[in-house]
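Letter by letter, the chains look like this.
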Amino acid sequence: MAQTIAVLDFGSQYTQIIARRIRECSVFSKIYHYSTPAETLKAEGVVGIVLSGGPSSVFSKKAPMPDPKVFELGIPVLGICYGIQLMGHLLGGEVAKGERREYGNGTLTIQKPGRLFAKLPKKLKVWNSHGDKVIALPPGFEAIGTTENSPFAAIEDRKRRFFGIQFHPEVFHSERGIDVIKNFLVGVCEASQDWTTEDFIEKSTEEIRRVVGKSRVLLGLSGGVDSSVAAALIHKAIGRQLTCVFVDNGLLRKGEREAVVSLYERNFKIDLRVVDASQLFLRRLKGVSEPEQKRKIIGNTFVEVFEKSLRQVGAAEFLAQGTLYPDVIESVAIGGNPAALIKSHHNVGGLPAKMKLKLLEPLRELFKDEVRAVGSALGLPREVVWRQPFPGPGLGVRVVGEITKDRLEVLRSADAIVQEEMMSTGWYWKVWQSFAVFLPVKSVGVIGDERNYADVIALRIVESKDAMTADWTKLPYEIVQTISSRITNEVRGVSRVVMDVSSKPPATIEWE
Ligand code: XMP
């Protein structure tokens, strides 16, 4: 096992970012509930502990408190924001209730670089967001850095290797924040930086072989990043003991099915079963135009078809899924922490238990950027590893209103043009999503001397970091023009192209 740094989660919206920054330093990190017993951390071989920030005040009745024994393990501790206040409060110092929140950039003046601030400039711009602050040091501590608002903005107990910092080194606004984290990991905890992509692939393929033995594994391949990387990784471990099932629901993009077959079957030599259920999906969707009902039909039909095709593939012991770390972290639900809203997510809910399959989730410890690195290292092409998100219900939520074969055909052709132009100009890689939407609105146009009374295509191109919020992309007009004129000239059944210039919120990214 890689050496682990434990991040105790006190409900900060930045907890996952702390864990990711640690991994960017090639050190494995894991998020733990704030109340995790010290014994558990010790048993798991943790080599350093980070106390996250959080929206609470240590004075509140419901303030989340760690097991006091975490300070008796002999393991280094770094308290960030709420974490430093906990240290002040629990280790015999004094914390004052803040009258107003200090929020934004400040300047940290380093007094004693020591190990935490080794090789850093004397002054750093740092990001603050806190109410309370430490006003008297606990025994054994000294101040190592100050800000305009606090003589105890960074503190250290050298003997016990405890550090507290008021600012947030994990956010980009904090200059050299990553170096502060790295100093803690390497300089203080002496972590060996053994968390690398290559190491992960080696250890996890060994683990997959050990767990699976001679059994068979099934995996539902969607073409998305997570299931694709899971397939490549499991295939590397157990080869033809893995069977992938790809369901064509009739709502795929142009050429999508062929691309999946060509990559996995021909290139990777994976045992891939393609199930063409497009007729069934379209039949069930006939006459339905209400978005939620469409989604429900598509979801239920998928589970039914997938389950049936798994049975046809034959007996297996495992069902593999591309579950990622953010899906399994149980974020601490403390008021003010948006991370607490993150849904618990299951790709095919209920199915494994019903079919008596064991789950195999080889990516469940990885963040998305790590999954991409693993995919690249396994030889998956950029088009797969950096593919834009595509919704489970596919084009079903991009044909507004009733879904028909003809409408899907029009949308597919228009969408292919959007993808081609985005790719050839390089914009595909710069935006979050870029796609076409079919609007069943008849409008008048002319082709030659003929009146063309046909439907409308909307362009939806957005920038986003996490899909929670999004901005419409100010794509250069020349590209918009090329896309528009190609669609109106090349796609029969479209009379005009419009651009969606709404941000999320209040609009959503998809139209349905
Ligand atoms: P919205 O439209 O809610 O979309 O702003 C946010 C992100 O989620 C994707 N999306 C889905 N993904 N199943 C999925 O797997 C769905 O039903 C679904 N609906 C939306 C959407 O493409 C965007 O990236």
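Residues numbered from 1 in each chain as written. Predicted model: local features only at pLDDT ≥ 70, side-chain atom pairs only at ≥ 80, totals over all residues. Heavy atoms only, no water.

Engineer: Even after reading the chapter, I still don't get the packing of helix 5 (residues 197-212) against helix 6 (residues 225-238), so can you show me in this structure?
Structural biologist: Between two packed helices, the angle of one axis relative to the other and the distance separating the axes together describe the packing. Interaxial distance between helix 5 and helix 6 falls to 8 Å at its minimum, and their mutual angle equals 65°. Regarding the angle of helix 5 to helix 6, the classification is roughly perpendicular. Read as a crossing pair, helix 5 and helix 6 show a hand that is right-handed. Counted together, Phe200, Ile201, Ser204, Thr205, Ile208, Arg209 and Val212 of helix 5 and Leu233, Ile234, Lys236, Ala237 and Ile238 of helix 6 form the full contact between these two elements. Its residues placed into classes, the contact of helix 5 with helix 6 shows eight nonpolar, two polar and two charged. (Axes fitted to C-alpha atoms, helices over the stretch in contact; angles between N-to-C directions. Helix = DSSP H or I, 4+ residues; strand = E, 2+ residues; numbered from the N terminus. Parallel < 35°, antiparallel > 145°, perpendicular 65-115°, else oblique. Left-handed = near helix turned anticlockwise from the far one by under 90°. Contact = heavy atoms within 4.5 Å. Nonpolar A, V, L, I, M, F, W, Y, C, P; charged D, E, K, R; others polar.)

Engineer: How should I be thinking about the site of the ligand in this particular structure?
Structural biologist: In the vicinity of the ligand, the contacting residues are Arg295, Pro389, Pro391, Gly392, Pro393, Trp432, Gln433, Ala467, Lys504, Thr508, Ile509 and Glu510. Taking isoleucine 509, its main chain carries an N or O atom lying 2.7 Å from an oxygen atom of the ligand. By residue class, the composition of the shell around the ligand is six nonpolar, three polar and three charged. (Near = heavy atom within 4 Å. Polar contact = N/O pair within 3.5 Å; in protein donor to acceptor, adjacent residues only side chain to side chain.)

Engineer: Any chance you could explain the domain arrangement of the protein here in plain terms?
Structural biologist: Size of an interface: often given as the accessible area lost when the parts come together. Once the domains are mapped, the protein shows domain 1 (4-188), domain 2 (197-385) and domain 3 (398-499). With centres defined by C-alpha atoms, the gap from domain 2 to domain 3 works out at 29 Å. When the area that domain 2 buries against domain 3 is broken down by residue, the three leading residues are Arg253, Lys254 and Arg382, summing to 38%. On inspection of domain 2 and its partner domain 3, the count reaches one salt bridge. The partner of aspartate 415 in a salt bridge is arginine 253, with the nearest N and O atoms 3.0 Å apart. Across the domain 2-domain 3 interface, the total number found is six residue pairs in polar contact (both at pLDDT 80 or more). Listed by contribution, the elements that provide at least two residues to the side of domain 2 that touches domain 3 are helix 8 (278-285) and helix 13 (382-385). (Domains from an automatic or database assignment. Buried area = accessible area lost by both parts, 1.4 Å probe. Salt bridge = Lys/Arg side-chain N within 4 Å of Asp/Glu carboxyl O.)

Engineer: Honestly, the pattern of salt bridges in this entry has me stumped. Any pointers?
Structural biologist: Enumeration according to the criterion identifies 29 salt bridges in this entry. A salt bridge links aspartate 179 to arginine 176; the shortest N-O distance between them is 2.7 Å. According to the relative accessible area criterion, arginine 176 is partly exposed, its value standing at 37%. The residue aspartate 276 makes a salt bridge to arginine 257 at a minimum N-O spacing of 3.3 Å. Taken together, the residues span a long stretch of sequence, with aspartate 276 in strand 14 (residues 271-276) and arginine 257 in helix 7 (residues 256-267) at a distance of 19 residues. On the basis of relative accessibility, which here comes to 26%, the residue arginine 257 falls in the partly exposed class. (Buried < 20%, exposed > 50% of the residue type's maximum accessible area, 1.4 Å probe, protein only.)

Engineer: Is there a simple way to think about helix 9 (residues 291-313) in this case?
Structural biologist: Because an α-helix packs 3.6 residues into every turn, residues spaced three or four apart end up facing the same way. Taking 1.5 Å as the rise per residue, helix 9 with 23 residues should run 33 Å; its terminal C-alpha atoms sit 33 Å apart, in good agreement. By the burial criterion, the buried members of helix 9 are Lys294, Ile297, Ile298, Thr301, Val305, Phe306, Glu307, Ser309, Leu310 and Val313. Where helix 9 is buried, its residues contact strand 12 (217-220), strand 13 (242-248), strand 14, helix 8, strand 15 (318-320) and helix 11 (351-354). The N-terminus of helix 9 is capped by glutamate 290, whose side-chain oxygen sits 3.3 Å from the backbone nitrogen of glutamate 292. Remark: glycine 314 follows helix 9 within two positions and exhibits a positive phi of approximately 110°. (Expected span 1.5 Å × (residues − 1).)

Engineer: Would you take a moment to explain the sheet that holds strand 12 for this structure?
Structural biologist: What holds strands together in a sheet is hydrogen bonding between their backbones, with the strands either parallel or antiparallel. Reading across the sheet, the five strands line up as 14-13-12-15-16 and stay open at both edges, with parallel pairing between neighbours. At either margin of the open sheet sits one strand with a lone partner, and together these are strand 14 and strand 16 (358-360). Geometrically, the sheet is characterised by an average inter-axis angle of 30° between neighbouring strands, direction not taken into account. Together, strand 12, strand 15 and strand 16 form the strand contacts of helix 5, whose direction differs from that of strand 16 by roughly 165°. In the packing of helix 9 onto the sheet, contacts are made with strand 12, strand 13, strand 14 and strand 15, and the angle to strand 13 comes to roughly 145°. (Pairing = 2+ DSSP bridges.)

Engineer: When you look at the pairing of strand 2 (residues 28-33) in this model, what are you seeing that I'm missing?
Structural biologist: Successive side chains on a regular strand alternate, one facing one side of the sheet and the next facing the other. Inspection of the sheet shows strand 1 (residues 4-9) paired to strand 2 by six bridges, in the parallel sense. Its bridge partner lying in strand 2, threonine 4 is registered against phenylalanine 28. Once the chain exits strand 1 it traverses helix 1 (residues 15-24) before rejoining the sheet at strand 2, and the crossover so formed is right-handed. (Right-handed = clockwise from strand over helix to strand, strands pointing away.)

Engineer: Hey, could you run me through the confidence of the model for the protein in this one?
Structural biologist: Fine structural detail should not be taken from predicted coordinates in areas where pLDDT scores are low. On average, residues of the protein carry a pLDDT of 94, and 96% of them reach 70 or more. Counted against residues more than four places away or in other chains, residues 340-346, with its pLDDT under 50, gives eight contacts. (pLDDT = per-residue confidence, 0-100.)

Engineer: How should I be thinking about the packing of helix 14 (residues 405-424) against helix 15 (residues 477-490) in this particular structure?
Structural biologist: Viewed as axis vectors pointing N to C, helix 14 and helix 15 meet at an angle of 150°, and their least axial separation amounts to 10 Å. Overall, the two elements helix 14 and helix 15 adopt an arrangement that is roughly antiparallel. Helix-helix and strand crossings are classified by hand; for helix 14 and helix 15 the assignment is right-handed. Listed contacts from helix 15 to Ala414, Ile417, Val418, Glu420 and Glu421 of helix 14 are Thr482, Ile483, Arg486, Ile487 and Glu490. Looking at side-chain class alone, the contact of helix 14 with helix 15 contains five nonpolar, one polar and four charged residues.

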